[in-house]
Amino acid sequence: MTENKEIEVMQSVYDKNDEVAAQINSSLTESGIYAFNVMGAPGAGKTTSLINIIKRLKDVTSYVIEGDIEADFDTKTLQSLGVKAIQINTGGACHLDSPLIGNAVEELSIKDGVLFIENIGNLVCPAEFMIGEHAKMLISTVTEGSDKPYKYPLAFEKADIIILNKCDLIPYIDFDEDFFMKGVRALNKTAPVVKVSGKTGEGFDQVVSWIMEKVSL
Amino acid sequence: MHEYPITQRIIEIAAEHAAKNNASEVKVINLVVGDYSGYVASSIELYFEIIAEGSACEKAKLNIERVVPKLKCSSCGELFVRKPFSFDCPYCKGEGGPTEIGQEFYIKSIEI
């Protein structure tokens, strides 16, 4: 019986995805576009946060790529506010990947502005896939429980900014902010955590200042 | 169900390397999958046979080496496995931070 010959490979299974992501990133940079990968659990307020952000972004054009398994409610809402938004329906895939985004970016055909890619509502998978973005925005909420950083460490670790939404509800729920922040800071020493309310608009000026700082670099 | 496209990619990479080494058949794929990679080893195994059918990896055995995630203590520098709902270092109670250990997802080698 002949023995097997071992061939060294040492190749990441994400290689193709990451290669496409890097190409998208260069092409966006060249076109003067700064892209954010917006992640968060279903119902965390990703779209509402984007509406609050885009309303406050003066002197900059905003574009949105909406990712959902099905339907286009969010895209229609954004379009009705005058935002150039397009929809991607994955029909079942739980996260957006770079080839999908590559096609959408070509379809949008944009220059000079800010692109928000709203990922599928999911606190698990989106954090694992690079899709050509310059920064990752995590929408977390006070209503999901203070233990989320401990249960979903990758999402909190990879975020460049953590937007803590629904803060208007703090008087009505048990949210242990110290426990939450302890978890966040163990995983992520640098991402700002900004308390906001999608309902009242509170806190979004700070988010927009952070965005403008990033975009002007 | 995102193990499907990722399993396809594993088979593609293995088949490419086999072809480069003039082999028509992959006998073994040695895969390293960290527990924080987001992929479950048993799910990849489940889909592997179905997706590999008709490819150079059809008869390949999948060897998955799991990696348990480790944090690094920011005070004493020790690597440790964390307990649920805590990032505290078991040695000095300092704060542990994430490392790359446990986030791996790559093909180490194939056997032809």
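A few points on the structure. (Residues numbered from 1 in each chain as written. Chains lettered and ligands numbered in written order. Predicted model: local features only at pLDDT ≥ 70, side-chain atom pairs only at ≥ 80, totals over all residues. Heavy atoms only, no water.)

## Brief notes about the overall build of chain B
Link 1 in the chain: A tally of helices and strands in chain B yields two helices and six strands.
Link 2 in the chain: The order of helices and strands in chain B, counted from the N terminus, is α-β-α-β-β-β-β-β.
Link 3 in the chain: Relative to a compact globule of 112 residues, whose C-alpha radius of gyration would be 13 Å, chain B shows 18 Å and is clearly more extended.
Link 4 in the chain: Projected onto its principal axes, the C-alpha positions of chain B cover 55 × 30 × 15 Å.
Link 5 in the chain: Counting all 112 residues of chain B, 48% fall into the buried class.
Link 6 in the chain: Summarising the internal contacts of chain B: among those between residues at least 6 apart in sequence, 67% fall at separations of at least 24.
Link 7 in the chain: For chain B, the accessible surface area stands at approximately 5800 Å², while carbon and sulfur atoms represent 51% of it. (Helix = DSSP H or I, 4+ residues; strand = E, 2+ residues; numbered from the N terminus. Rg over C-alpha atoms; globule rule 2.2 N^0.38 Å. Buried < 20%, exposed > 50% of the residue type's maximum accessible area, 1.4 Å probe, protein only. Contact = heavy atoms within 4.5 Å. Areas by Shrake-Rupley, 256 points an atom, 1.4 Å probe, with all protein chains shown as cover.)

## Focus: the nonpolar core
Link 1 in the chain: Grouped together as the largest cluster of nonpolar side chains are 31 residues, with contacts concentrated most on Ile29, Leu31, Ile44, Cys57, Phe105, Ile107 and Ile110 of chain B.
Link 2 in the chain: Of all elements in the fold, only strand 1 (6–12) of chain A together with helix 1 (3–20), strand 1 (28–34), helix 2 (41–52), strand 2 (61–67) and strand 6 (105–111) of chain B reach the threshold of two or more residues within this core.
Link 3 in the chain: Once residues within four sequence positions are removed from consideration, Leu31 of chain B is found in contact with Val13 of chain A together with Ile10, Ile44, Leu62, Asn63, Ile64, Glu65, Tyr106 and Ile107 of chain B.
Link 4 in the chain: One finds Ala85, Val114, Ala135 and Met137 of chain A within the second-largest nonpolar core, a separate group that totals 27 residues. (Core = buried A, V, L, I, M, F, W, Y, C linked by side-chain atoms within 4.5 Å.)

## With respect to the packing of aromatic side chains
Two numbers describe a pair of aromatic rings. These are the distance of the centres and the angle of the planes.
Residues and elements named next belong to chain A.
Link 1 in the chain: Per the counting criterion, the structure on display carries 12 aromatic pairs over all chains.
Link 2 in the chain: Measuring from ring centre to ring centre gives 5.6 Å for Tyr14 and Phe129, while their planes differ by 90°; the resulting arrangement is edge-to-face. A residue pair is termed long-range when its members are at least 10 positions apart, and Tyr14 in the loop between strand 1 and helix 1 (15–30) and Phe129 in the loop between strand 5 (113–118) and strand 6 (135–141) qualify at 115 residues.
Link 3 in the chain: Since its relative accessible area comes to 10%, Tyr14 is described here as buried.
Link 4 in the chain: Judged by its relative accessible area of 5%, Phe129 is buried.
Link 5 in the chain: Summarising the aromatic geometry, the rings of Phe175 and Phe180 are spaced 5.2 Å apart at their centres and angled 50° between planes, so their arrangement reads as tilted. (Phe/Tyr/Trp six-rings, centres within 6.5 Å; stacked < 30°, edge-to-face > 60°.)

## Side note on the layout of surface pockets
Link 1 in the chain: Taken as a whole, the largest pocket spans an internal volume of roughly 480 Å³.
Link 2 in the chain: Going through the elements one at a time, helix 1 and helix 4 (98–108) of chain A together with helix 1 of chain B are the ones with two or more residues in the lining of the largest pocket.
Link 3 in the chain: For the lining of the largest pocket, the leading source of residues is helix 1 of chain B, giving five residues.
Link 4 in the chain: For the lining of the largest pocket, a count of residues per class yields 12 nonpolar, five polar and four charged.
Link 5 in the chain: Here the second largest pocket is characterised by a volume of approximately 330 Å³. (1 Å grid on protein atoms, 1.4 Å probe; cavity = no way out; pocket = protein on both sides within 12 Å on 5 of 7 lines; lining within 4 Å. Points joined across faces, edges and corners; volume = space filled by probe spheres on them. Nonpolar A, V, L, I, M, F, W, Y, C, P; charged D, E, K, R; others polar.)

## Examining the sheet that holds strand 3 (residues 71–73) of chain B
Sheet strands pair by backbone hydrogen bonding; their relative direction is either parallel or antiparallel.
Residue and element names in this part refer to chain B.
Link 1 in the chain: Read from one edge of the open sheet, three strands run 4-3-5, paired in antiparallel fashion. Whereas interior strands pair on both sides, the edge strands pair on one side only; in this sheet they are strand 4 (79–80) and strand 5 (96–98).
Link 2 in the chain: When strand 3 meets strand 5, the two strands line up antiparallel, connected through three bridges. From the neighbouring strand, Lys72 faces strand 5, where its bridge partner is Gly97. (Pairing = 2+ DSSP bridges.)

Everything listed here is a matter of coordinates, which is why it stays silent on function.
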